[in-house]
Amino acid sequence: MTYLFLYVVGIILIWWTYRVGWLEALKTVVKVMVPSLLIVLFNIKAGRLLFKSPVVGLLSALPTSLFIFRGSLPLVSYINNWIERKSNNYDDSEVIDTDSIPLDD
């Protein structure tokens, strides 16, 4: 069942990349994966607390996820800006600036 889920996710990622382009797809994947990985890592570390008292775990899961999501937004912005800078890295010295003049003049 896990392989089927990963297969469907892979097909959706390929389709999304084809539809919007690899740069926008990469930024969307970063926007989703970074907070998700941080939330999973936090829940792994806080797992002992969850198993000792499930009520506390259930009550604290949503607020901590929201805090981790909000806290990861600067990291996501930094990564997306880095991707954007790397993709727009061209030499300005080779660009020729021209003006257009209508044929009537």
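Hey, could you run me through the packing of helix α1 (residues 2-20) against helix α2 (residues 22-45) in this one?
Each pair of packed helices gets described by two things: the angle between the helix axes and the distance between those axes. For the pair α1 and α2, interaxial distance at closest approach is 7 Å and the crossing angle is 130°. Between α1 and α2, the crossing angle belongs to the class labelled oblique. Where α1 abuts α2, its residues L13, W16, T17 and V20 lie against W22, E24, A25, T28 and V29. Here the residues of the contact of α1 with α2 sort into six nonpolar, two polar and one charged.

Any chance you could explain the packing of aromatic side chains here in plain terms?
A ring pair, where both rings are aromatic, is described by two values, the distance of the centres and the angle of the planes. Under the defined criterion, the tally for this structure stands at one aromatic pair. For the pair W15 and W16, a centre-to-centre distance of 6.4 Å together with 50° between the ring planes defines the contact as tilted. The class for W15 is partly exposed, based on a relative accessible area of 47%.

Can you walk me through the pattern of salt bridges in this structure?
With the rule as written, the count across this model stands at two salt bridges. With a shortest N-O distance of 4.0 Å, E24 and K27 are connected by a salt bridge. A residue pair is termed a helical-turn pair when its members lie 3 or 4 positions apart in one helix, as E24 and K27 do in helix α2 at three residues. Of the charged contacts, one joins E84 and K27 as a salt bridge, the two residues approaching to 3.0 Å between their closest N and O atoms. In this pair, E84 is assigned in helix α4 (residues 54-87) and K27 in helix α2, connecting sequence segments 57 residues apart. When salt bridges that share partners are traced, they join E24, K27 and E84 into one network.

Quick question: what am I supposed to make of the nonpolar core here?
Nonpolar side chains in soluble globular proteins generally cluster together in the buried interior. Membership of the largest hydrophobic core is limited to five residues, which are L23, V30, V34, V76 and I83. Breaking this core down by element, the ones donating at least two residues are α2 and α4. Sorting elements by how many residues they give to this core places α2 first, with three residues. Beyond its immediate chain neighbours, meaning those up to four positions away, L23 contacts I83, E84 and S87.

Rules behind the numbers
- Going along each chain's sequence as written, the residues are numbered from 1 onward.
- Given that this is a predicted model, residues contribute local features only at a pLDDT of at least 70 and side-chain atom pairs are listed and counted only at 80 or more, while totals for whole chains, interfaces and linings are drawn from all residues.
- Only hydrogens and water are set aside when side-chain values are computed; all heavy atoms of the structure are taken into account.
- For every element, the axis is a line fit to its C-alpha atoms; helices are fit only across the contacting stretch, and the angle between N-to-C directions ranges from 0 to 180 degrees.
- Secondary structure elements are taken from DSSP: a helix is a run of H or I of four residues or more, a strand is a run of E of two residues or more, and numbering for both begins at the N terminus.
- By definition in this entry, angles of less than 35 degrees are roughly parallel, angles greater than 145 are roughly antiparallel, angles of 65 to 115 are roughly perpendicular, and the rest are oblique.
- For this analysis, residues touch if any pair of their heavy atoms sits within 4.5 Å.
- The residue classification treats Ala, Val, Leu, Ile, Met, Phe, Trp, Tyr, Cys and Pro as nonpolar and Asp, Glu, Lys and Arg as charged. All others, Gly included, are polar.
- Pairing of aromatic rings covers Phe, Tyr and the six-membered ring of Trp, with a centre-to-centre limit of 6.5 Å; geometry is then stacked below 30 degrees between planes, edge-to-face above 60, and tilted otherwise.
- When a residue's accessible area, from a 1.4 Å probe over protein chains only, is under 20% of the maximum for its type it is buried; when over 50% it is exposed; and in between it is partly exposed.
- Whenever Lys or Arg places a side-chain nitrogen within 4 Å of a carboxyl oxygen from Asp or Glu, that contact is recorded as a salt bridge.
- In these notes, a set of buried Ala, Val, Leu, Ile, Met, Phe, Trp, Tyr and Cys residues joined through side-chain atoms within 4.5 Å is what counts as a nonpolar core.

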